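These are the residues of each chain, in order.
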Amino acid sequence: MVELLDRESIRDCLYRYCRGTDRADEAVLRSAYWPDAHDSHGAYRGSAEGFFRYALDVFKTGPRNIHQITNILIEFINAAEATVESYFTALQRGPDKDGEVRQIFLCGRYCDLFQKREGEWRIAERTVVYDWLEEQIPSLVLEAERFGTRQPIGAPYPDDPVYALGKRRIASHDDAFTTSEPDQYDYGL
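Residues numbered from 1 in each chain as written. Predicted model: local features only at pLDDT ≥ 70, side-chain atom pairs only at ≥ 80, totals over all residues. Heavy atoms only, no water.

Draft legend 1. Representation of the packing of aromatic side chains. Counted under the stated rule, the structure contains 12 aromatic pairs. Ring plane angle 75 degrees and centroid distance 5.5 Å describe the contact between Tyr17 and Tyr110, whose orientation is recorded as edge-to-face. Within this pair, whereas Tyr17 is found in helix H1 (residues 2-22), its partner Tyr110 is found in strand E5 (residues 101-117), the two being separated by 93 residues in sequence. There is no split in this pair, since Tyr17 and Tyr110 are both buried. (Phe/Tyr/Trp six-rings, centres within 6.5 Å; stacked < 30°, edge-to-face > 60°. Helix = DSSP H or I, 4+ residues; strand = E, 2+ residues; numbered from the N terminus. Buried < 20%, exposed > 50% of the residue type's maximum accessible area, 1.4 Å probe, protein only.)

Now the structure itself:
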């Protein structure tokens, strides 16, 4: 049972990394790494703190990022360490250092060493392995026109709709403990 919970904790951490990157959410991105972690991420190689500074500079350019993780293979070394290989697909669009908008489709793998400290799993070491890279021609049509009635459009923290949903969930959870009425979803568990 503990191993199943550990696997879910590792998966949740990987998904937090994606949200942190795609929503430009520094706190969520940081929550995926131990403070003393190391990251080899394409052109960047160094401390997790340096990677956060690198990512924050990218976030300021207003990029559009989509990361998806699949094929998560978790192999436990011991009760507090696991090697984790996760396949990723990423679509990234934003200005380069000269201000020209570029769009890149990437596929690869996150090869991670996870460590469990004080009951929590996070990335201790990450090496990003690239298996596919395709530069695409970005659309010249503005997003509002391109998306049309498909609203809302994803946005960075705190403006993305997922954050409003999270606030609603927390409020409704708190309300559940202040009412004397039975929970409609109480199945006697």
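Draft legend 2. Structural view of the pattern of salt bridges. Inspection of every chain in the model, using the stated rule, returns 17 salt bridges. The closest approach of N and O atoms between Glu85 and Arg109, which form a salt bridge, is 3.0 Å. Highlighted residues: Glu85 in strand E4 (residues 81-95) and Arg109 in strand E5, separated in sequence by 24 residues. Under the relative-accessibility criterion, Glu85 is labelled partly exposed at 24%. Two residues, Arg102 and Glu135, come together in a salt bridge whose shortest N-O distance is 2.5 Å. Taken together, the residues Arg102 in strand E5 and Glu135 in strand E6 (residues 120-136) connect sequence positions 33 residues apart. Among the residues examined, Arg102 registers a relative accessible area of 31% and is labelled partly exposed. Judged by relative accessible area, Glu135 falls into the partly exposed class, the value being 45%. (Salt bridge = Lys/Arg side-chain N within 4 Å of Asp/Glu carboxyl O.)

Draft legend 3. Representation of the nonpolar core. By size, the foremost hydrophobic cluster in this structure holds 28 residues, and its most contacted members are Ile10, Tyr17, Leu29, Tyr33, Val84 and Phe114. If you list the elements that add at least two residues to this core, you get H1, strand E1 (33-41), helix H3 (48-59), strand E3 (64-78), E4, E5 and E6. Excluding anything up to four places from it in sequence, Val84 contacts Ile10, Leu14, Ile72, Leu73, Ile74, Tyr110, Cys111, Asp112 and Phe114. (Core = buried A, V, L, I, M, F, W, Y, C linked by side-chain atoms within 4.5 Å. Contact = heavy atoms within 4.5 Å.)

Draft legend 4. How the structure looks around H1. Compared with an ideal rise of 1.5 Å per residue, which puts 21 residues at 30 Å, H1 spans 30 Å between its outermost C-alpha atoms and is within 8% of the ideal. In the stretch just after H1, Ala24 is the one whose phi turns positive, near 55 degrees. (Expected span 1.5 Å × (residues − 1).)

Draft legend 5. Structural context of the pairing of E6. In the sheet, E1 pairs with E6 via 4 bridges, with the strands oriented parallel. Residue pairing across strands places Ser40 opposite Thr127, the latter belonging to E6. Where E5 meets E6, 15 bridges bridge the pair, whose relative direction is antiparallel. Residue pairing for E6: Phe114 is matched across the bridge by Ile123. Connecting E5 to the antiparallel partner E6 that follows it, the hairpin turn spans 2 residues, and Glu118 within it adopts a positive phi of roughly 50 degrees. (Pairing = 2+ DSSP bridges.)

Draft legend 6. Quick look at the pairing of E1. Bridge analysis of E1 against strand E2 (residues 44-47) gives 4 bridges, and the strand direction is antiparallel. Each bridged residue has a counterpart across the sheet, and for His38 the counterpart in E2 is Ser47. In sequence, E1 turns back onto E2 through a hairpin of 2 residues, with Gly42 there showing a positive phi of about 65 degrees.

Draft legend 7. Focus on the sheet that holds E2. Pairing within the open sheet is mixed, and its 6 strands lie in the order E2-E1-E6-E5-E4-E3. Here the strands that pair on one side only, and so sit at the sheet edges, are E2 and E3. The mean angle between the axes of side-by-side strands here comes to 20 degrees, regardless of whether they run parallel or antiparallel. Its contacts with the sheet put H1 on E1, E3, E4, E5 and E6, and the angle it makes with E3 is roughly 155 degrees. Packed on one face of the sheet, H3 meets E1 and E2 and runs near 65 degrees to E1. (Axes fitted to C-alpha atoms, helices over the stretch in contact; angles between N-to-C directions.)

Draft legend 8. Summary view of the environment of Tyr44. Structurally, Tyr44 is set in strand E2. Within the local environment of Tyr44, its side chain forms a polar contact with the backbone oxygen of Ser47, the two atoms lying 2.6 Å apart. Here Phe51 takes part through its backbone nitrogen, which lies 3.2 Å from a polar atom of the side chain of Tyr44. (Polar contact = N/O pair within 3.5 Å; in protein donor to acceptor, adjacent residues only side chain to side chain.)

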